[in-house]
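Architecture at a glance
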Amino acid sequence: FNSALEVKNKTAKIRILEEQMPSGINLPVLRFYREYFRVFDSESKIKTDTAFMTLRAVLFENEEHIDREDFVFMLRMLFQFGAKAYEDGNKECGNQVFELLRLTNHRKLWHNFNGKLSEYAFSNSVLFALKMGEFDWVHKFIFDNADFIDSDNSKEIVNYNLACFHFYRARAQSIDISNDYE
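Note on numbering: residues in each chain are counted from 1, in written sequence order. Only residues with pLDDT of at least 70 get local features here, since the model is predicted, and only at 80 or more are side-chain atom pairs given and counted; chain-wide, interface and lining totals rely on the full set of residues. Only hydrogens and water are set aside; all other atoms, that is, all heavy atoms of the structure, feed into the side-chain values.

**Some remarks on the confidence of the model for the protein**
pLDDT is defined as a per-residue confidence score from the predictor, taking values between 0 and 100. Averaged over the protein, the pLDDT score is 79; the fraction of residues at 70 or greater is 73%. Looking across the protein, the model is least confident in helix α1 (residues 4-20), with a mean pLDDT of 56, and most confident in helix α7 (residues 135-145), with 96. Only DSSP runs of H or I covering at least 4 residues are called helices, and only runs of E covering at least 2 are called strands; the numbering of each starts at the N terminus.

The following block contains the structure:
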(Lines give C-alpha, C1' and ligand atoms only; values in the text may rest on other atoms or scores of the structure.)
Protein backbone atom coordinates (compact mmCIF):
# COMPACT_ATOMS: atom_id res chain seq x y z
CA PHE A 1 0.00 0.00 0.00
CA ASN A 2 1.18 3.46 -0.76
CA SER A 3 0.42 4.98 2.62
CA ALA A 4 -1.06 4.46 6.04
CA LEU A 5 -3.92 6.70 4.92
CA GLU A 6 -4.73 4.30 2.06
CA VAL A 7 -4.90 1.41 4.53
CA LYS A 8 -7.13 3.41 6.89
CA ASN A 9 -9.44 4.33 3.98
CA LYS A 10 -9.78 0.70 2.88
CA THR A 11 -10.38 -0.42 6.46
CA ALA A 12 -13.06 2.26 6.88
CA LYS A 13 -14.78 1.20 3.63
CA ILE A 14 -14.92 -2.40 4.85
CA ARG A 15 -16.42 -1.28 8.17
CA ILE A 16 -19.07 0.73 6.30
CA LEU A 17 -19.91 -2.30 4.13
CA GLU A 18 -20.22 -4.48 7.20
CA GLU A 19 -22.48 -1.93 8.95
CA GLN A 20 -24.74 -1.77 5.88
CA MET A 21 -25.22 -5.55 5.82
CA PRO A 22 -28.48 -6.82 7.31
CA SER A 23 -27.90 -8.33 10.73
CA GLY A 24 -27.02 -11.99 10.76
CA ILE A 25 -25.30 -11.94 7.38
CA ASN A 26 -21.62 -12.78 7.52
CA LEU A 27 -19.46 -12.23 4.46
CA PRO A 28 -16.24 -14.22 4.87
CA VAL A 29 -14.53 -12.18 2.16
CA LEU A 30 -15.07 -9.00 4.17
CA ARG A 31 -13.84 -10.69 7.32
CA PHE A 32 -10.59 -11.70 5.60
CA TYR A 33 -10.04 -8.22 4.16
CA ARG A 34 -10.84 -6.57 7.51
CA GLU A 35 -8.17 -8.72 9.17
CA TYR A 36 -5.75 -8.16 6.30
CA PHE A 37 -6.03 -4.37 6.44
CA ARG A 38 -5.95 -4.39 10.24
CA VAL A 39 -2.49 -5.96 9.99
CA PHE A 40 -1.33 -3.13 7.75
CA ASP A 41 -2.75 -0.39 9.94
CA SER A 42 0.27 1.68 10.92
CA GLU A 43 -0.86 1.68 14.54
CA SER A 44 -1.16 -2.10 14.64
CA LYS A 45 1.06 -3.85 17.16
CA ILE A 46 0.20 -7.34 15.89
CA LYS A 47 3.17 -9.67 15.65
CA THR A 48 3.73 -10.72 12.02
CA ASP A 49 3.64 -14.49 12.50
CA THR A 50 0.51 -14.15 14.68
CA ALA A 51 -1.11 -12.00 11.99
CA PHE A 52 -0.20 -14.55 9.33
CA MET A 53 -1.76 -17.39 11.31
CA THR A 54 -4.89 -15.32 12.02
CA LEU A 55 -5.31 -14.50 8.33
CA ARG A 56 -4.70 -18.12 7.37
CA ALA A 57 -7.29 -19.31 9.88
CA VAL A 58 -9.90 -16.80 8.70
CA LEU A 59 -9.31 -17.75 5.08
CA PHE A 60 -9.44 -21.53 5.51
CA GLU A 61 -12.33 -21.46 8.01
CA ASN A 62 -14.41 -19.75 5.34
CA GLU A 63 -13.09 -21.49 2.24
CA GLU A 64 -16.37 -23.18 1.36
CA HIS A 65 -18.19 -19.82 1.44
CA ILE A 66 -15.74 -18.00 -0.83
CA ASP A 67 -15.70 -18.21 -4.61
CA ARG A 68 -12.63 -20.21 -5.71
CA GLU A 69 -11.19 -17.34 -7.75
CA ASP A 70 -11.53 -14.97 -4.78
CA PHE A 71 -10.12 -17.61 -2.46
CA VAL A 72 -7.01 -18.10 -4.63
CA PHE A 73 -6.55 -14.31 -4.89
CA MET A 74 -6.69 -13.98 -1.09
CA LEU A 75 -4.35 -16.95 -0.79
CA ARG A 76 -1.85 -15.10 -2.99
CA MET A 77 -2.19 -12.01 -0.77
CA LEU A 78 -1.49 -14.18 2.27
CA PHE A 79 1.49 -15.85 0.60
CA GLN A 80 2.96 -12.47 -0.43
CA PHE A 81 2.45 -11.08 3.07
CA GLY A 82 4.23 -14.04 4.65
CA ALA A 83 7.02 -14.12 2.06
CA LYS A 84 7.70 -10.42 2.63
CA ALA A 85 7.81 -10.99 6.39
CA TYR A 86 10.31 -13.80 5.83
CA GLU A 87 12.48 -11.57 3.64
CA ASP A 88 12.33 -8.96 6.41
CA GLY A 89 13.85 -11.50 8.81
CA ASN A 90 10.86 -13.28 10.35
CA LYS A 91 12.05 -16.89 10.10
CA GLU A 92 9.02 -18.35 11.89
CA CYS A 93 6.72 -16.71 9.37
CA GLY A 94 8.85 -18.26 6.62
CA ASN A 95 8.25 -21.72 8.08
CA GLN A 96 4.51 -21.05 8.17
CA VAL A 97 4.53 -19.80 4.57
CA PHE A 98 6.37 -22.93 3.46
CA GLU A 99 3.74 -25.11 5.18
CA LEU A 100 1.07 -23.09 3.35
CA LEU A 101 2.97 -23.63 0.10
CA ARG A 102 3.06 -27.38 0.70
CA LEU A 103 -0.68 -27.39 1.43
CA THR A 104 -1.56 -25.35 -1.67
CA ASN A 105 0.59 -27.64 -3.82
CA HIS A 106 -0.92 -30.78 -2.32
CA ARG A 107 -4.45 -29.47 -2.89
CA LYS A 108 -3.50 -27.99 -6.28
CA LEU A 109 -4.92 -24.60 -5.25
CA TRP A 110 -2.55 -22.71 -7.57
CA HIS A 111 -3.83 -24.72 -10.56
CA ASN A 112 -6.52 -23.03 -12.63
CA PHE A 113 -9.77 -24.65 -13.75
CA ASN A 114 -8.14 -26.45 -16.69
CA GLY A 115 -5.59 -28.01 -14.35
CA LYS A 116 -2.72 -25.75 -15.39
CA LEU A 117 -0.26 -23.91 -13.17
CA SER A 118 0.78 -20.39 -14.09
CA GLU A 119 4.47 -19.90 -14.76
CA TYR A 120 4.51 -17.26 -12.00
CA ALA A 121 2.99 -19.56 -9.38
CA PHE A 122 5.43 -22.28 -10.44
CA SER A 123 8.53 -20.07 -10.28
CA ASN A 124 7.48 -18.23 -7.11
CA SER A 125 6.90 -21.56 -5.36
CA VAL A 126 10.31 -22.83 -6.42
CA LEU A 127 12.18 -19.67 -5.45
CA PHE A 128 10.55 -19.32 -2.05
CA ALA A 129 11.19 -22.97 -1.17
CA LEU A 130 14.80 -22.63 -2.35
CA LYS A 131 15.28 -19.64 -0.04
CA MET A 132 13.97 -21.86 2.76
CA GLY A 133 16.53 -24.53 1.83
CA GLU A 134 13.85 -27.10 0.95
CA PHE A 135 15.84 -28.72 -1.86
CA ASP A 136 14.19 -32.15 -1.84
CA TRP A 137 10.73 -30.58 -1.96
CA VAL A 138 11.75 -28.25 -4.82
CA HIS A 139 13.22 -31.06 -6.90
CA LYS A 140 10.04 -33.12 -6.52
CA PHE A 141 7.83 -30.06 -7.14
CA ILE A 142 9.59 -29.21 -10.41
CA PHE A 143 9.26 -32.69 -11.85
CA ASP A 144 5.74 -33.29 -10.51
CA ASN A 145 4.45 -30.03 -12.02
CA ALA A 146 6.53 -29.60 -15.20
CA ASP A 147 3.74 -30.90 -17.43
CA PHE A 148 1.15 -28.57 -15.88
CA ILE A 149 2.80 -25.20 -16.59
CA ASP A 150 0.42 -22.96 -18.51
CA SER A 151 2.90 -21.46 -20.97
CA ASP A 152 4.25 -22.01 -24.46
CA ASN A 153 7.69 -21.78 -22.85
CA SER A 154 7.19 -24.47 -20.21
CA LYS A 155 10.42 -26.28 -21.12
CA GLU A 156 12.43 -23.07 -20.64
CA ILE A 157 10.63 -22.34 -17.36
CA VAL A 158 11.49 -25.81 -16.07
CA ASN A 159 15.12 -25.44 -17.18
CA TYR A 160 15.41 -22.01 -15.55
CA ASN A 161 13.98 -23.32 -12.27
CA LEU A 162 16.26 -26.37 -12.39
CA ALA A 163 19.21 -24.02 -12.85
CA CYS A 164 18.05 -22.04 -9.81
CA PHE A 165 17.70 -25.29 -7.89
CA HIS A 166 21.28 -26.35 -8.70
CA PHE A 167 22.64 -22.87 -7.95
CA TYR A 168 20.94 -22.60 -4.54
CA ARG A 169 21.83 -26.17 -3.59
CA ALA A 170 25.50 -25.70 -4.58
CA ARG A 171 25.65 -22.43 -2.68
CA ALA A 172 24.15 -24.07 0.42
CA GLN A 173 26.58 -26.98 0.19
CA SER A 174 29.58 -24.67 -0.15
CA ILE A 175 28.45 -22.74 2.92
CA ASP A 176 28.03 -25.97 4.86
CA ILE A 177 31.51 -27.15 3.83
CA SER A 178 33.19 -23.88 4.72
CA ASN A 179 31.54 -23.95 8.17
CA ASP A 180 33.25 -27.29 8.83
CA TYR A 181 36.66 -25.63 8.58
CA GLU A 182 36.08 -22.71 10.89
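Still more ground to cover, so stick around.
**Some words on the packing of helix α3 (residues 48-61) against helix α4 (residues 68-87)**
Here, axes are lines fitted to C-alpha atoms. For helices the fit covers the stretch in contact, and angles between N-to-C directions go from 0 to 180 degrees. Relative orientation of the contacting elements α3 and α4 amounts to 170°, with a least axis distance of 10 Å. Relative to α4, α3 is oriented roughly antiparallel. Of the residues in α4, those touching α3 at T48, A51, F52, L55, R56, L59 and F60 are F71, M74, L75, L78, F81, G82 and A85. Classification convention: Asp, Glu, Lys, Arg as charged; Ala, Val, Leu, Ile, Met, Phe, Trp, Tyr, Cys, Pro as nonpolar; all other residues, Gly among them, as polar. Split into classes, the residues belonging to the contact of α3 with α4 amount to 11 nonpolar, two polar and one charged. Should an angle lie under 35 degrees it is considered roughly parallel, over 145 roughly antiparallel, and from 65 to 115 roughly perpendicular; all remaining angles are considered oblique. What makes two residues a contact is simply this: any of their non-hydrogen atoms within 4.5 Å.

**What to know about the packing of aromatic side chains**
For Phe, Tyr and Trp, where Trp contributes only its six-membered ring, two rings pair if their centres lie within 6.5 Å, and the inter-plane angle classes them as stacked under 30 degrees, edge-to-face over 60, or tilted in between. Scanning all chains against the criterion turns up nine aromatic pairs. For the pair F79 and W110, a centre-to-centre distance of 6.1 Å together with 80° between the ring planes defines the contact as edge-to-face. Highlighted residues: F79 in helix α4 and W110 in the loop between α5 (91-106) and α6 (119-131), separated in sequence by 31 residues. You can call F79 buried: its relative accessible area is 11%. On the basis of relative accessible area, W110 is assigned to the buried category, the value being 10%. The structure contains a cluster of three or more aromatic residues connected by ring pairs, namely F79, Y86, W110 and F128. By the criterion adopted, a ring carries a charge over it if an Arg CZ or a Lys NZ lies within 6 Å of its centre and within 35 degrees of its normal. Across from the ring centre of F148, 5.8 Å away, lies the NZ or CZ of K108, which sits over that ring. Just above the ring of Y168 sits the side chain of R171; from NZ or CZ to the centre is 5.0 Å. Per-residue accessibility, obtained with a 1.4 Å probe over protein chains only, is compared with the maximum for each type, and a residue is labelled buried under 20%, exposed over 50%, and partly exposed between these values.

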